[in-house]
Each structure stands twice: as structure tokens, then as C-alpha cells.
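Coordinate analysis (summary)
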Amino acid sequence: DAKTTQPTSMDCAEGRAANLPCNHSTISGNEYVYWYRQIHSQGPQYIIHGLKNNETNEMASLIITEDRKSSTLILPHATLRDTAVYYCIVYNFNKFYFGSGTKLNVKP
Amino acid sequence: GAGVSQTPSNKVTEKGKYVELRCDPISGHTALYWYRQSLGQGPEFLIYFQGTGAADDSGLPNDRFFAVRPEGSVSTLKIQRTERGDSAVYLCASSLSMGDEQFFGPGTRLTVL
């Protein structure tokens, strides 16, 4: 099972871009990178996913390195409501292995 | 439309008792997943269903845990002879089909005294 490594916590100033890194050096060629976030006491919420190419949606952008061994989730203009735990997941045969995630603290 | 719902939201039970946790997925979603989340940890996969059948139950910790989805919609997670270590938030998710984005419910907080 591909494993991901994320920093335990990060701080970001409100209105600035939040860049959350993730290492997944053992990812296989057909495995996707998914990002979810979990706001306190709620279920995880889907953010974005990708395979090889960079992806963007209304919530975030996902940058995947060419060798696919790492990726970065970018929240372009963080708000206080983006304070949450962010999980980087390598999707393997329908099992999501969440790990411990990164606690993002957005500060005013 | 309605999202994934889980009942009860909180369950307190005594060690050794039997509990059932219910999940109502989004209508039309064929895949359903159960996870367990302990304090300070990420969700841990337990089991997932494609339709009525358990496609993968490799995450169930032992034979005290069992889950069913008899009509391919509502699912029930059953825990026999509960132990204090079973205390956690139990999350349910559904997706349109296998491999699609998973939508999570709010979870059931189980406390075993």
C-alpha cells in the first residue's frame, strides 16, 4: 500500500495562499492522489484528485511532480473557514488510507 | 439533495453489550464504505460494499465486527461484545460507483464504558 507523508501542522495567514505538501514516493503508475479535509467534528470533505497532470477546481489546485513522488495542494486565498486537517491519500483499489494529515491553522 | 446520514449521532454503551450503527447513503450510490476514526488519527478503513455484497472487509479488526447491506442501500455496522477500545467515531461514506468521489456522513460517536 502506497504511503503518504505530510507535515503534522502548518500555519497560514488569512488571504494568503496555503501550500500543503505531500510525499508519496512509493506510488504506483495507476494510483491517484486524492485530497480530503476534515473540519472539526465533521466527516471528511472531498477537495480534489489527480493522476499525472495538475488539476484545478473551485476549491483548490493540485500540483503533482513529474515523477509523481510528491504533490502540493494549493488553497489560493485561505480563509478562517479553511482551518482543518488536510489528508493526502493515494487511492488503491478503492481503499482510502488517510494517515494523520496536516492540521492547517489559518490565522487572521 | 440529502447527503449521507448516520444514526445515532452518539451512542454510549457498556462493555460487553451489542451495538448497531446505521448508515443511509446518498440515493443511487452503489458503493458504501465504513471507517473508524480514533481521537487524533485519520479515518481507518473497515469495509466497503458494492451493491449488496461486501467487496472488501479486510479492515474489520476482528470477528466481533460485522456489516450488512441487504438491499444495496442502507447499511448497518454491528459490533458484538463491545470493548473500551472500540470507542471511536464511526464514519460512513458512499460514492456513485467504485472509484468515484466519496461523500462522508457526520459519523456516530461510540463510547464504551
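Our subject in this report is the structure included herewith. As the structure is a prediction and not an experimental result, all values here were calculated from the model. (Residues numbered from 1 in each chain as written. Chains lettered and ligands numbered in written order. Predicted model: local features only at pLDDT ≥ 70, side-chain atom pairs only at ≥ 80, totals over all residues. Heavy atoms only, no water.)

Here we come to the pairing of strand S9 (residues 88–95) of chain B. Residue and element names in this part refer to chain B. Where burial is concerned, most of S9 is hidden: eight out of the eight residues are buried. Of the two faces of S9, the one lined by Ala88, Tyr90, Cys92 and Ser94 and the one lined by Val89, Leu91, Ala93 and Ser95 are each fully buried. As judged from the seven bridges shared by strand S4 (residues 31–37) and S9, these two strands associate in the antiparallel manner. Bridge assignment links Tyr35 to a residue of S9, and that residue is Leu91. In terms of strand pairing, S9 meets strand S10 (residues 103–104) through two bridges, oriented antiparallel. Directly across from Ala93, in S10, lies its bridge partner Phe104. (Buried < 20%, exposed > 50% of the residue type's maximum accessible area, 1.4 Å probe, protein only. Helix = DSSP H or I, 4+ residues; strand = E, 2+ residues; numbered from the N terminus. Pairing = 2+ DSSP bridges.)

A separate point is the sheet that holds strand S6 (residues 61–64) of chain A. Residues and elements named next belong to chain A. Strand order across the open sheet formed by four strands is S2-S7-S6-S5, with antiparallel pairing between neighbours. With partners counted over all chains shown, the strands left at the sheet margins are strand S2 (18–23) and strand S5 (55–56), one partner each. Note that S2 and strand S7 (residues 70–75) share six bridges and pair antiparallel. Its bridge partner lying in S7, Pro21 is registered against Thr72.

Here we come to the side chain of Asp56 of chain B. Checked against the element boundaries, Asp56 of chain B lands in strand S6 (residues 53–56). For Asp56 of chain B, the side chain forms a polar contact with the side chain of Ser58 of chain B, separated by 2.7 Å. Discounting chain neighbours no more than four positions away, the residues touching Asp56 of chain B are Lys95 of chain A together with Phe45, Leu46, Ile47 and Tyr48 of chain B. (Polar contact = N/O pair within 3.5 Å; in protein donor to acceptor, adjacent residues only side chain to side chain. Contact = heavy atoms within 4.5 Å.)

With 16 residues of chain A in contact, the opposing surface of chain B contributes 18 residues. Carbon and sulfur atoms supply 50% of the area buried between chain A and chain B, which totals about 1,400 Å² over both sides. Linking chain A to chain B there are zero salt bridges. Connecting chain A to chain B are four residue pairs in polar contact (both at pLDDT 80 or more). Counting only elements with at least two residues in the side of chain A that touches chain B, the list comes to strand S3 (32–38) and strand S8 (84–91) of chain A. For the side of chain A that touches chain B, the class distribution of residues is nine nonpolar, six polar and one charged. (Buried area = accessible area lost by both parts, 1.4 Å probe. Salt bridge = Lys/Arg side-chain N within 4 Å of Asp/Glu carboxyl O. Nonpolar A, V, L, I, M, F, W, Y, C, P; charged D, E, K, R; others polar.)

What follows covers the packing of aromatic side chains. Under the defined criterion, the tally for this structure stands at 17 aromatic pairs over all chains. Pairing Tyr34 of chain A with Tyr46 of chain A gives two aromatic rings, centres 6.2 Å apart and planes at 65°, and the pair type is edge-to-face. Of this pair, Tyr34 of chain A sits in strand S3 while Tyr46 of chain A sits in strand S4 (residues 45–50), and the two are 12 residues apart along the sequence. A single burial state applies to Tyr34 of chain A and to Tyr46 of chain A, both of which are buried. Feature note: the residues Tyr34, Tyr36, Tyr46, Tyr87, Tyr91, Phe96 and Phe98 of chain A together with Tyr33, Tyr35, Phe45, Tyr48 and Phe104 of chain B constitute an aromatic cluster, connected by ring pairs. (Phe/Tyr/Trp six-rings, centres within 6.5 Å; stacked < 30°, edge-to-face > 60°.)

The next point concerns the state of the cysteines. Residue and element names in this part refer to chain A. Applying the stated criterion across every chain, the model contains two disulfides over all chains. Shown here is the disulfide that connects Cys22 with Cys88, its sulfur atoms set 2.1 Å apart. Here the S-S torsion is close to -80°, and the disulfide linking Cys22 with Cys88 is therefore left-handed. In this pair, Cys22 sits in strand S2 while Cys88 sits in strand S8, placing the two residues 66 residues apart along the sequence. Comparing Cys22 with Cys88, the two get one shared label, buried. Its sulfur unpaired, Cys12 is 18 Å from the next cysteine sulfur, which belongs to Cys22. By relative accessible area, which is 8% here, Cys12 ends up buried. (Disulfide = S-S within 2.5 Å.)

Right, let's talk about the sheet that holds strand S9 (residues 102–107) of chain A for a bit. Residue and element names in this part refer to chain A. Strands sit in the order S1-S9-S8-S3-S4 across an open sheet of five strands; the sheet is mixed. The open sheet has two free edges, formed respectively by strand S1 (9–13) and S4, since each of these has just one partner strand. When the angles between neighbouring strand axes are averaged without regard to direction, this sheet yields 25°. Here S3 pairs with S8 via seven bridges, running antiparallel. Note on S8: the bridge partner recorded for Trp35 is Cys88. (Axes fitted to C-alpha atoms, helices over the stretch in contact; angles between N-to-C directions.)

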